[in-house]
Amino acid sequence: MSVLVGNDTRLIVQGFTGSEGSFHAGQMIEYGTNVVGGVTPGKGGQTHLDRPVFNTVAEAVEEVQANTSIIFVPPAFAGDAITEAAFAGIKVIICITEGIPVKDMIVAKQVVKNHGAVLVGPNCPGLITPGEAKVGIMPGSIFSKGTVGLISRSGTLTYEAVDQLTKEGLGQSTAIGIGGDPVIGTTHLDAVKMLQEDPDTDAIVLIGEIGGSAEEEAAEYIAKHVDKPVVAFIAGSTAPPGRRMGHAGAIISGGKGTAQEKKKALAAAGITVVDSPAEIGITLKKMLETA
Amino acid sequence: MKIHEYQAKEILKEYGVAVPDGIAATTVEGAVDAAKKMKENGASLFVVKAQIHAGGRGKGRTKKNDAKGVILCKTIDEVKEAAESLLGDVLVTIQTGEEGQLVQTIYVTDGVDIKKEFYVGVLLDRAVSKNVIMASTEGGVEIEKVAEETPEKIIKEWIEPGMGLQVNQARRIAFSLGLEGKALKSCIKFIMALYKAYEETDSDMFEINPLIVTPDDEIFALDAKVTFDGNALYRHPELAELKDEAEEDPAELEASKYDLNYIKLDGNVGCMVNGAGLAMATMDIIKLSGGEPANFLDVGGGANVETVKNGFRIILEDKNVKAILINIFGGIVRCDRVANGVIEAVKDPEIAEKVKNVPIIVRLQGTNAEEAKEIIDNSGMNVISAVLLKEAAEAVSKVMA
């Protein structure tokens, strides 16, 4: 197992029988992820995609020993779904849902922390340990097994980077989409720590974007504690201040959170920062060849 | 979602946060009536404030009449003059940019005497995922400036998730501001009410700058900036109605009707992308290729014929657009289907006419990317295809050269 998900994952899907949940559960099963069931309140006892449906997460933990949950429920109920998973003892919670009110997330994040669980997302593509488990909505076919760990706030930009890595012959240990919201569970810093400690990861690709200071915090840690090569790209060098660029968290406010500032902090930490998103793969390849 | 000062103050008042009396008006007569009514209630000094969704109004000037955005008036005649000079004129402030913002509403408020000015704000501290109350004795100054130059003058209290603001926290802030007696008590009450309003309205940010103390030790919010969490508006239909569409860019408003996330920029290369992160990265690559991004546009996961058509319509409204880069990473959506959608959209007579002189570069990557490229290349349309992001960048450089 690399980071957070792998062969030991016993996954349930919250919002299992809904259209999003059904579709992606099918895709994850096809990829080979060990999906042991799902939760849709009121549909307990039914079978869906040849897997049992439960009314509550607690039942799923008891009956099929679920240890990981992926959430596809609508934004109004997603904060509640996260806390339900934490209360039931799920240790790895991945929330795909976009558009959850910040107020709900502040509380949900605290509950997850109090229960010693890890939350990835919300508003994220999920995570994947290629060849072992895909717990997310990413296209499995572009990933390949290897030793590069990847962290990113966005979906399609992650796919872009992964595609470049795969084409350069650089497989991935685990790729984590941490999400584009202002309040997220796993941050860049948390993910960097996990990848640094992971014996299956030899290099790290860090993709950030404007808004907040999470990349700077990760940079500070990398400077002191990370001995693996790191390549970074920050999206949004051309973004105007004060505007939300699609992601709720992608906003330069009060002159803070600019791409330039983040790039500077990362470079100062000894990280190789690429200006062009087209050069992520080739840059890491060159670094590893000369290392 | 941003709202106007007068709307923010009405909300604050409902929660028991002290604000000076005020009446909003959209006509000169309305403003005069408002001042008369306030005079009957004892007002002797008035402040007429332009209502636009941008800060820096006090230092801003209108284009035609060169009027300040905030005008102090001693008589009802002066209120009339102020209203005449503001309504229908365009106010330019450091936050509006050169184009400024049309003043359609003004707010006539009671001019209160000021002994001291403070700053109080409530917002999310992203670094710790908690709400924070920030206060400073440096009222009337931009808080960013205070944070930069004299960070020790900012007092912060973080709110425990799920717990709400505790009185001891409000008390600490009020003492730190150097208050005592009646003003101290009023300030504690003010801060408690302010946080309650913030929490219950699902707000993103509250900024009271300045918070003032009057010579008789009363506390008031002299200005109020409030923005709501757009994701929580479903819980507050009455707050959602406060949206002022006149403050929005018409193209952005149009795009939102099609569920497209569009932001207009000043450049010359339009772009259409799936996913916000990739959209920002695409803007960056346009710049690196010698162009300037004309917009941010995230078409989401769908990227079907209709979304592409609508995207084209909105991008092409902007006359500065000299080229368009479509960048779609097809994962679960197959690229060949997106390619067919793009071809069909470009064949639409209305769009075909508009893109005659605008080169289109289509970069499709992901599942069935090669088939997609073939579809584009064999379409006979004036569309440049690319698979790698590098190739797309080169194509942009070429058409912009």
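Procedures and definitions
- Residues numbered from 1 in each chain as written.
- Chains lettered and ligands numbered in written order.
- Predicted model: local features only at pLDDT ≥ 70, side-chain atom pairs only at ≥ 80, totals over all residues.
- Heavy atoms only, no water.
- Helix = DSSP H or I, 4+ residues; strand = E, 2+ residues; numbered from the N terminus.
- Buried < 20%, exposed > 50% of the residue type's maximum accessible area, 1.4 Å probe, protein only.
- Contact = heavy atoms within 4.5 Å.
- 1 Å grid on protein atoms, 1.4 Å probe; cavity = no way out; pocket = protein on both sides within 12 Å on 5 of 7 lines; lining within 4 Å.
- Points joined across faces, edges and corners; volume = space filled by probe spheres on them.
- Nonpolar A, V, L, I, M, F, W, Y, C, P; charged D, E, K, R; others polar.
- Pairing = 2+ DSSP bridges.
- Axes fitted to C-alpha atoms, helices over the stretch in contact; angles between N-to-C directions.
- pLDDT = per-residue confidence, 0-100.
- Polar contact = N/O pair within 3.5 Å; in protein donor to acceptor, adjacent residues only side chain to side chain.
- Salt bridge = Lys/Arg side-chain N within 4 Å of Asp/Glu carboxyl O.

Let's talk about the overall build of chain B
Step number 1: A count of helical and extended segments in chain B gives 14 helices and 19 strands.
Step number 2: Overall size of chain B, expressed as C-alpha extent along the three principal axes, is 80 × 50 × 40 Å.
Step number 3: Out of the 401 residues in chain B, the part that is buried amounts to 54%.
Step number 4: Of the contacts formed within chain B by residues at least 6 apart in sequence, a portion of 67% connects residues at least 24 apart.

What to know about the environment of A:L195
Residues and elements named next belong to chain A.
Step number 1: Mapping L195 onto the fold places it in helix α6 (residues 188-197).
Step number 2: Sequence spacing of L195 and T83 is 112 residues, and the spatial spacing of their C-alpha atoms is 26 Å.
Step number 3: Not counting residues up to four positions away in its chain, the partners in contact with L195 are V3, G149, L150, I151, T174, T201, I204 and K228.

Remarks on the layout of surface pockets
Residues and elements named next belong to chain A.
Step number 1: As a volume, the second largest pocket reaches approximately 660 Å³.
Step number 2: Looking at the second largest pocket, it is lined by 31 residues, and the ones nearest its centre are K109, I184, G185, T187 and D190.
Step number 3: Residue assignment for the lining of the second largest pocket shows that the elements contributing at least two residues are α4 (102-114), β7 (118-120), α6 and α7 (214-225).
Step number 4: The leading source of residues in the lining of the second largest pocket is α4, at five residues.
Step number 5: Its residues assigned to classes, the lining of the second largest pocket comprises 14 nonpolar, nine polar and eight charged.

Looking at the sheet that holds strand β14 (residues 272-273) of chain A
Step number 1: With mixed pairing, seven strands are arranged side by side in an open sheet as β9-β8-β11-β10-β12-β13-β14 (chain A). Where the open sheet ends on each side, the last strands, each with one partner, are β9 (133-136) and β14 of chain A.
Step number 2: Relative to strand β11 (residues 172-177) of chain A, strand β8 (residues 126-129) of chain A runs antiparallel, the two being bridged by three bridges. By the bridge assignment, A:G126 is partnered in β11(A) with A:G177.
Step number 3: Each of β12 (203-209) and β13 (230-235) of chain A touches helix α9 (residues 276-288) of chain B; the most contacted strand, β13(A), lies at about 90° to it.

What to know about the confidence of the model for chain B
Step number 1: For chain B, the average pLDDT comes to 92, and 100% of its residues sit at 70 or higher.
Step number 2: Among the scores for the predicted complex, ipTM is 0.92 and pTM is 0.93.

Describing helix α8 (residues 250-257) of chain B
Structurally, the α-helix is built with 3.6 residues per turn, so residues lying three or four positions apart point the same way.
Residue and element names in this part refer to chain B.
Step number 1: Among the residues of α8, A251, E252, L253 and A255 are the ones counted as buried.
Step number 2: On its buried face, α8 is in contact with β14 (261-264) and α10 (305-316).
Step number 3: Between the side-chain oxygen of the N-cap and the backbone nitrogen of A251 there are 2.9 Å, and the N-cap of α8 in question is D249.
Step number 4: Once α8 finishes, D259 follows within two positions and takes phi at roughly 65°, a positive value.

Details of the pattern of salt bridges
Residue and element names in this part refer to chain B.
Step number 1: A full pass over the atoms with the stated rule returns 34 salt bridges over all chains.
Step number 2: Residue K264 is joined to D318 by a salt bridge in which the shortest nitrogen-to-oxygen separation is 3.8 Å. A residue pair is termed long-range when its members are at least 10 positions apart, and K264 in strand β14 and D318 in the loop between α10 and β17 (323-330) qualify at 54 residues.
Step number 3: The exposure class assigned to K264 is partly exposed, which follows from its relative accessible area of 32%.
Step number 4: With relative accessibility at 7%, the residue D318 sits in the buried group.

Some words on the sheet that holds strand β1 (residues 22-25) of chain B
Residue and element names in this part refer to chain B.
Step number 1: If you trace the four strands from one edge of the open sheet to the other, you get β1-β7-β2-β4, paired in antiparallel fashion. Each edge of the open sheet is held by one strand with a lone partner, namely β1 and β4 (70-73). Strand after strand, the sheet turns through a mean of 20° between neighbouring axes, direction not considered.
Step number 2: Helix α2 (residues 28-40) rests against β1, β2 (46-50) and β7 (106-110) of the sheet, and its axis sits at about 15° to β7.

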